[in-house]
Structure formats: structure tokens, C-alpha cells
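Residues per chain are reported as follows:
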Amino acid sequence: MNSSICQFLRPCLRKGVKPTARAAHARFFVAVQRQLSTPSQRAPLTTTDKERLWKLQEDGGLEDYYPRLDSKTRGSPVSAKSFAERYAGLAANEVNKDETCTVYGRVSSYRFAGSRLVFFDLRDGQTTMQGFCNFGVLKKAGVPQDQWDRFKRLLRRGDWFSITGHPTRTSAGELSVLATQIPQTISLALHQIPPGLDPETRARHRHVDLIVNEKAGDTLRLRHHIEKYLCNFLDDRDFVKVNTPLLTAGAGGAVARPFETKATELADTTLNLRIAPELWLKRLVVGNMGRVYELGPAFRNEGVDATHNPEFTILEFYMPFANLEDLISMTEDMFCGLAET
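Parameters and conventions
Residues numbered from 1 in each chain as written. Predicted model: local features only at pLDDT ≥ 70, side-chain atom pairs only at ≥ 80, totals over all residues. Heavy atoms only, no water. Helix = DSSP H or I, 4+ residues; strand = E, 2+ residues; numbered from the N terminus. Buried < 20%, exposed > 50% of the residue type's maximum accessible area, 1.4 Å probe, protein only. Contact = heavy atoms within 4.5 Å. Areas by Shrake-Rupley, 256 points an atom, 1.4 Å probe, with all protein chains shown as cover. Pairing = 2+ DSSP bridges. Axes fitted to C-alpha atoms, helices over the stretch in contact; angles between N-to-C directions. Expected span 1.5 Å × (residues − 1). Arc of directions from axis to C-beta. Polar contact = N/O pair within 3.5 Å; in protein donor to acceptor, adjacent residues only side chain to side chain. Salt bridge = Lys/Arg side-chain N within 4 Å of Asp/Glu carboxyl O. Core = buried A, V, L, I, M, F, W, Y, C linked by side-chain atoms within 4.5 Å. Phe/Tyr/Trp six-rings, centres within 6.5 Å; stacked < 30°, edge-to-face > 60°.

Labelled according to an unreviewed UniProt entry, the chain appears under the name Lysyl-tRNA synthetase, originating from Cryomyces antarcticus.

Structure below.
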């Protein structure tokens with residue numbers, strides 16, 4: 001990433017950066033810049049991508065396409081999910097002119113109906129809503145023809161846009177936002193979104209997989225709900241969630257080969273990534289912390305296969321004054337409740 005790209009991504013950098021008072025901040029900044037400037041970190045631009053970049057530069061520079069968000073002029077944003085729930089009762093061809101809202105999202109598709117109508121779908125998480133632009137309405141609001149033409153030239157799948165307007169439902173029954181302002185670019189996609197991905201690309205570029213395949217994020221969302229349930233289950237039984245060290249002078253708590261590393265300030269000491277939080281949690285019990293648990297990462301340097309990963313998440317909890325039968329019953333309740341959730 002060269003200096004010109006950094007400048008249009010963050011226009012405030014043009015004003016210059018004052019020297020930091022802490023050397024650690026400067027080292028962090030330099031490390032990030034070096035990582036971003038490494039060619040292997042950048043996806044190559046295709047001919048089509050380069051043509052779009054040139055057109056954007058010729059059309060007034062790149063700063064306008066990556067703006068600072070201004071809630072004073074654009075209004076408070078509403079998620080697509082909240083918008084769908086709030087205005088679900090609108091009838092076909094009904095426009096709620098008493099309310100104006102702003103919705104942000106990534107363009108998943110767009111359609112032109114003549115020269116005066118544009119429909120585009122904005123995807124926000126798991127919810128997709130439709131933006132409806134009628135140049136007749138925008139023209140009455142003071143939008144000139146050149147801005148309308150520029151918007152139609154810019155619109156492409158993968159771009160992030162915000163649309164401000166009135167909630168409405170089209171004659172086809174689609175809940176939409178009828179634009180009262182020209183939709184604003186939040187971040188344009190310089191790379192085209194591919195129609196599909198091969199297995200290797202899906203594994204190596206998970207962020208692209210999340211964009212192309214809507215169901216790819218279901219695993220992450222399911223994991224989130226599982227972890228939330230486990231934490232709530234233990235919290236309701238007066239357990240205290242703690243975080244114990246990941247780096248230790250000696251790995252213990254399980255029989256496994258640890259990862260080894262060294263710290264800059266401790267050159268003569270070999271550190272290990274923890275293989276289990278067991279010993280630290282037992283020390284907390286000895287220290288009179290009572291019921292404790294930890295849900296966090298562990299690392300074991302023992303190869304990779306279909307059922308093993310060097311980095312994984314582990315849940316351990318310790319409950320004083322409980323016997324084996326108590327733990328068995330509690331574990332059964334935990335998994336039964338999880339299955340019913």
C-alpha cells in the first residue's frame with residue numbers, strides 16, 4: 001500500500017502526523033505499514049479493476065468515495081433487520097413520508113428500469129433490504145442530472161452505500177427505502193466480487209468466502225450463540241469468568257507438546273503457549289475465588305487432521321465442594337439446555 005493509497009483512505013493523513021510521545025506507538029505504526037506494503041498482502045488488480053480505478057480518479061479523485069460518516073447530515077443509521085421489523089406493516093404502494101431513515105449496507109445486486117429508476121439490494125449481516133431511487137423524486141429534492149448519472153456509473157456489486165429516504169413498499173410487495181437524497185458511497189470495492197469460489201480459495205481467504213456465500217457466516221454465528229449460552233449457564237450458577245495467562249514459563253495441565261517462543265526482554269527464558277488453563281484455575285480456587293471458569297484458546301503442537309487443530313477453544317470450570325455426581329448432573333443439564341436452545 002503506497003502513500004497515495006493511504007492518503008485517500010484517510011484524508012486526515014494529508015495534514016501530517018505529529019511525532020508520538022511513546023516509542024512503542026511508533027514501532028507499532030511502522031510494523032503495520034510494513035505489513036500492508038508487502039506485495040503478498042495485496043490482491044492483484046485485474047484489467048477491469050484498474051479501469052475502474054482510473055475512472056474514479058478521473059471523476060474527481062478518490063477522497064470523496066471513502067468519506068467520514070456524518071450523522072448530522074445523514075441521520076442516525078438503522079440496520080436492515082431493524083428497518084424490516086419496524087416497517088413490516090406497510091401496505092403495497094404506501095410511503096411513510098412522516099419518517100426518514102438511513103440504512104447502510106453492501107450492494108449485493110442492482111437493477112435499472114429505464115433512465116430514471118434504480119433498484120439495488122443492500123445486505124447488512126443476514127438481512128437484505130431494497131433501495132429504491134426515482135430521479136423524479138430526487139430532482140424535486142434538488143439533485144442535479146450529473147450527480148444522478150455519476151451514481152449510476154459508480155454502482156457496482158460489492159460496494160458499500162448508505163441510502164436516506166422514506167420507508168415504502170413497492171407494488172410488488174418489496175419493503176424499500178425511497179431515496180430523498182442521492183445514495184452516498186461509504187467504500188467502493190476495487191475488486192470484482194466473484195460468482196463462486198473453489199475450496200482452496202474459500203479456505204485461504206475466508207473474508208471473501210463470507211462475501212460470496214451468505215451461509216459461510218452461519219458457523220461463526222452458531223459458535224457465538226453456543227459460547228453465549230455456556231457463559232450464561234455458568235454465570236447463573238454463580239461462577240466467575242476469568243482470563244488466565246496464555247504465555248507461561250512452563251506448559252502444564254495436560255500431556256501435550258507445547259509451542260515455544262521467546263520474549264524480547266527475556267532472551268534467556270523459553271516461553272510456552274499454554275496447553276490448558278487447568279493449573280491457573282486451580283490456583284484461583286486455592287486463593288479462595290470459589291467457582292471459576294474460563295472459555296478461551298489453548299495451543300498444542302501435535303499436528304493437524306480432521307479432528308485436531310493446533311489452536312482450539314477450551315472450556316474448563318472448577319466448583320469447590322462438589323463431587324463427581326454433581327459435575328455429571330451439571331454437565332448433562334448444560335448439554336440438554338444447549339440442544340434445546
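S.K.: Break down the overall build of the chain for me, with residues and values.
M.R.: When helices and strands are tallied, the chain shows 12 helices and 13 strands. When burial is assessed residue by residue, the chain has 31% of its 341 residues classed as buried. The long-range fraction of contacts in the chain, counting pairs at least 24 apart against all pairs at least 6 apart in sequence, stands at 62%. Per element, the accessible surface of the chain, about 21,600 Å² overall, is 54% carbon and sulfur.

S.K.: I'd like to hear about the pairing of strand 5 (residues 160-169), residue by residue, with values.
M.R.: Of all 10 residues that make up strand 5, nine are buried, and the element is covered over most of its length. Strand direction decides the pairing type here: strand 2 (residues 101-113) and strand 5, joined by six bridges, are antiparallel. Its bridge partner being in strand 5, Val103 is matched across the sheet by Ile163. Relative to strand 6 (residues 175-179), strand 5 runs antiparallel, the two being bridged by five bridges.

S.K.: Can you lay out the sheet that holds strand 9 (residues 247-248) for me, pointing to particular residues and giving the numbers?
M.R.: As summarised here, the arrangement of the three strands in space is 9-11-10, forming an open sheet in which the pairing is antiparallel. A single partner strand is all that each edge strand has here, and the edge strands are strand 9 and strand 10 (260-263). As judged from the two bridges shared by strand 9 and strand 11 (residues 266-273), these two strands associate in the antiparallel manner. Within strand 11, the position partnered with Leu247 by the bridge is Leu273.

S.K.: Tell me about the sheet that holds strand 13 (residues 311-318), residues and numbers included.
M.R.: Here we have three strands laid out as an open sheet, ordered 8-12-13, and mixed in their pairing. Unpaired on one side and paired on the other, strand 8 (240-241) and strand 13 mark the two borders of the sheet. Most of the contacts of helix 11 (residues 278-286) go to strand 13, to which it runs at about 25°, and overall it touches strand 12 (292-299) and strand 13.

S.K.: Any details on helix 12 (residues 324-340)? Residues and values, ideally.
M.R.: Two residues of an α-helix separated by three or four positions point the same way, owing to the 3.6 residues in each turn. When the terminal C-alpha atoms of helix 12 are compared, their 25 Å separation across 17 residues agrees well with the 24 Å that a helix rising 1.5 Å per residue should span. Every buried residue of helix 12 is accounted for by Met330, Met334 and Gly337. Along the long axis of helix 12, the arc covered by the buried residues comes to 75°, so they all point the same way. In helix 12, those exposed residues whose orientation departs by more than 90 degrees from the buried face are Leu324, Glu325, Phe335, Ala339 and Glu340. Capping the start of helix 12 is the job of one residue whose side-chain oxygen sits 3.2 Å from the backbone nitrogen of Glu325: Asn323.

S.K.: I'd like to hear about the environment of Ile163, residue by residue, with values.
M.R.: Here Ile163 is to be found in strand 5. When residues no more than four places from it in sequence are discounted, the contact partners of Ile163 are Cys101, Thr102, Val103, Phe120, Leu122, Gly131, Phe132, Cys133, Val177, Ala179 and Pro183.

S.K.: Which residues make up the pattern of salt bridges, and what are the values?
M.R.: Within the structure shown, the criterion is met by eight salt bridges. Across the salt bridge formed by Asp209 and Arg202, the nearest N and O atoms sit 3.0 Å from each other. Take Asp209: its relative accessible area is 2%, and that puts it in the buried class. The partner of Arg223 in a salt bridge is Glu227, and the shortest N-O contact between them spans 3.0 Å. Pair noted here: Arg223 and Glu227 are both in helix 10 (residues 218-235), with a separation of four residues, about one helical turn. Judged by its relative accessible area of 40%, Arg223 falls in the partly exposed class. According to the relative accessible area criterion, Glu227 is partly exposed, its value standing at 25%.

S.K.: I'd like to hear about the side chain of Asn272, residue by residue, with values.
M.R.: Relative to the helices and strands, Asn272 is located in strand 11. Residue classification places Asn272 among the buried positions, given a relative accessible area of 7%. In this view, Asn272 contacts Leu246, Leu247, Thr248, Ala249, Gly250, Ala251, Pro258, Phe259 and Glu260; residues no more than four positions away in its chain are not counted.

S.K.: Now, about the nonpolar core: what can you tell me, with residues and values included?
M.R.: Of all hydrophobic cores here, the largest spans 33 residues; its most connected members are Phe83, Phe120, Cys133, Trp148, Phe151 and Ile163. The residues contacting Phe120, other than those within four sequence positions of it, are Val107, Ser109, Tyr110, Arg111, Met129, Gln130, Gly131, Cys133, Phe151, Leu155, Ile163 and Pro183. Residues Tyr229, Cys231, Leu234 and Phe239 belong to the second largest nonpolar core, which totals 11 residues.

S.K.: Please set out the packing of aromatic side chains residue by residue, giving values where relevant.
M.R.: All chains considered together, the criterion is met by 10 aromatic pairs. Where Phe151 meets Phe161, the ring centres are 5.9 Å apart and the plane angle is 80°; that geometry is what we call edge-to-face. Taken as a pair, Phe151 in helix 7 (residues 145-154) and Phe161 in strand 5 lie far apart in primary sequence, 10 residues in all. For the pair Phe151 and Phe161, a shared accessibility class is recorded, and that class is buried.

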